[in-house]
Each structure stands twice: as structure tokens, then as C-alpha cells.
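Take a look at the letters that make up each chain.
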Amino acid sequence: MTLILETSRLILKPLLKSDFDLLHKILVDPYVRKYLCDDTIFSVGQIQAMLQKSQELFEREKFGLWSIANKTKLEIIGFVGLWYFFEEAQPQLIYALLPKATKKGYATEAAARILDYSFVKLGYNYLVVSCDRPNLESQQVATRLGMKQLEARMIDGKPTLFFRIDKITFAKNNCT
């Protein structure tokens, strides 16, 4: 099973331990930090641990974090993947783009490819994504993917929205 995924405009490659500088660049960007990281700046050790965990997840469960590269420029513009949050039994969809890559449909395109991979290759019956209530862009991505708001919870004092899509709904929305 190949873990390099493609779309019409993007190449998604598993992040490796050697991709520290790349992941660090994304995670320290103020735009990304604002919502994805609760404005926390991750330490060198935390980023190394994320990359280690992602590599372990790829080896064991065939998912983790993928870099997102634009095919025309071969420039890394963010990451996408599946990650465990909030003690959930199943991983959630996660994505982050650098500011210069936003508002071009890349997040939706990359996330849709991960949904397809999750349903077809991994056999999941549903996927969830969570985002801070003020993060309207992530809510719009979830809606474009066909996800419906499932619930809202207070997590660490912040209102967090949860969206879900079922395999059947995704298949219907993405028929050609």
C-alpha cells in the first residue's frame, strides 16, 4: 500500500522524522498557531515527538501526518492527516495551511483525499473534525466536504465544534 497520495493539484507525502524544519515552519506560523495550536509555540522536543508519533502511526495504522505540496511549484504549503484528539477511539481529520496557500481550495482538496483514503483503504465508516468556534475557515472546509455539525463542547475553556461525515454520505457527494 503506497502512502503517497495525489489529487489533481497536490501531492501528499508522509512526514518523516527528517521533516522537522518543515513542520516547525508550519507550526510556528502565527496564522496556523491561532487556531490549530491554541496560539502555543511548540518546543523542539514536542515537534520531534509529533514526527516520531506520526511515523509510528504510519507503520502501525497506515495514517499520520502528510505534507501538502503544490504539484506545479513542488512547494510545501501545509499538512493534512489523521490524528488522535480528546481521548477519541478513532482519529480525527486535521489540516493546516500556510497563509499564502489559503482561499484556493487546497485544504478542501487535501482533506477530501484523506477522507477518501480513510473510507476506501482504512475502512472507516465515519470521520470527525473539530475546530475552535471562531475558526470560520475550518468550518467552511468541513461544510464543503459535506460534513455536518455534530456537537459543540467546551474544551479547556474554549468552544469547540465537531463535524462528522459518514462513508455513505461522502461516497454520494463524490460520485463521478
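The model shown is predicted, which means the values in this text are computed figures rather than measured ones.

**Some remarks on the pattern of salt bridges**
In step 1: For the coordinates displayed, the defined rule picks out eight salt bridges.
In step 2: Put simply, Arg 153 and Glu 151 hold a salt bridge, and the shortest N to O gap is 3.3 Å.
In step 3: Exposure remark for Arg 153: the relative accessible area of 28% places this residue in the partly exposed category.
In step 4: A salt bridge links Arg 164 to Asp 166, with the nearest nitrogen and oxygen atoms 2.9 Å apart.
In step 5: Relative accessible area serves as the criterion here: at 30%, Arg 164 is assigned to the partly exposed category.

**A closer look at helix α4 (residues 106-120)**
In step 1: Between its terminal C-alpha atoms α4 stretches 21 Å, which fits the 21 Å expected from 15 residues at 1.5 Å a residue.
In step 2: Of all the positions in α4, only Tyr 106, Ala 107, Thr 108, Glu 109, Ala 110, Ala 111, Ile 114, Leu 115, Tyr 117, Ser 118 and Phe 119 are classed as buried.

**Side note on the packing of aromatic side chains**
In step 1: As enumerated under the stated definition, the model contains four aromatic pairs in all.
In step 2: With centroids separated by 5.5 Å and ring planes inclined at 80°, the aromatic side chains of Trp 66 and Tyr 117 adopt a geometry described as edge-to-face. Residue Trp 66 is found in strand β3 (residues 65-70), and its partner Tyr 117 is found in helix α4; the two are separated by 51 residues along the sequence.
In step 3: Taking relative accessible area as the criterion, Trp 66 reaches 0% and is therefore assigned buried.
In step 4: One aromatic cluster is present, formed by Phe 58, Trp 66 and Tyr 117 through successive ring pairs.
In step 5: Here the guanidinium or amino end of Arg 153 rests over the ring plane of Phe 162, the centre of that ring lying 4.0 Å away.
In step 6: The ring of Tyr 126 carries Arg 164 above its face, with NZ or CZ at 4.0 Å from the centroid.

**Quick word on the nonpolar core**
In step 1: Membership of the largest hydrophobic core comes to 52 residues, with the highest contact counts inside it found for Leu 12, Trp 66, Phe 79, Val 80 and Leu 93.
In step 2: No other element matches α4, which puts eight residues into this core.
In step 3: With near-sequence residues (within four places) excluded, Val 80 lies in contact with Leu 12, Gly 64, Leu 65, Trp 66, Ile 68, Leu 93, Ile 94, Tyr 95, Ala 110, Ala 111 and Ile 114.

**Focus on the sheet that holds strand β5 (residues 92-97)**
In step 1: An order of β1-β2-β3-β4-β5 is seen for the five strands of this open sheet, with the pairing classed as antiparallel. Either end of the sheet is taken by a strand with one partner, and the two such strands are β1 (5-6) and β5.
In step 2: Examined bridge by bridge, strand β2 (residues 10-14) and β3 share five bridges and lie antiparallel to one another. Paired with Ile 11 across the strands is Ala 69, a residue of β3.

**Some points on the confidence of the model for the chain**
In step 1: Looking at the chain, the pLDDT average stands at 90 and 96% of residues meet or exceed 70.
In step 2: The weakest mean pLDDT in the chain belongs to helix α2 (residues 30-36) at 79; the strongest belongs to β2 at 97.

**Here's the deal with the sheet that holds strand β8 (residues 158-166)**
In step 1: The three strands lie next to each other as β6-β8-β7, forming an open sheet whose pairing is antiparallel. Pairing within the sheet leaves two strands with one partner each, and these edge strands are β6 (126-132) and β7 (148-155). Direction aside, neighbouring strands of the sheet carry axes that sit 25° apart on average.
In step 2: Inspection of the sheet shows β6 paired to β8 by seven bridges, in the antiparallel sense. In the sheet register, Val 129 faces β8, and the bridge partner there is Phe 163.
In step 3: Packed on one face of the sheet, helix α5 (residues 136-144) meets β6 and β8 and runs near 160° to β6.

Thresholds applied
Residues numbered from 1 in each chain as written. Predicted model: local features only at pLDDT ≥ 70, side-chain atom pairs only at ≥ 80, totals over all residues. Heavy atoms only, no water. Salt bridge = Lys/Arg side-chain N within 4 Å of Asp/Glu carboxyl O. Buried < 20%, exposed > 50% of the residue type's maximum accessible area, 1.4 Å probe, protein only. Helix = DSSP H or I, 4+ residues; strand = E, 2+ residues; numbered from the N terminus. Expected span 1.5 Å × (residues − 1). Phe/Tyr/Trp six-rings, centres within 6.5 Å; stacked < 30°, edge-to-face > 60°. Lys NZ or Arg CZ within 6 Å of the ring centre and 35° of its normal. Core = buried A, V, L, I, M, F, W, Y, C linked by side-chain atoms within 4.5 Å. Contact = heavy atoms within 4.5 Å. Pairing = 2+ DSSP bridges. pLDDT = per-residue confidence, 0-100. Axes fitted to C-alpha atoms, helices over the stretch in contact; angles between N-to-C directions.

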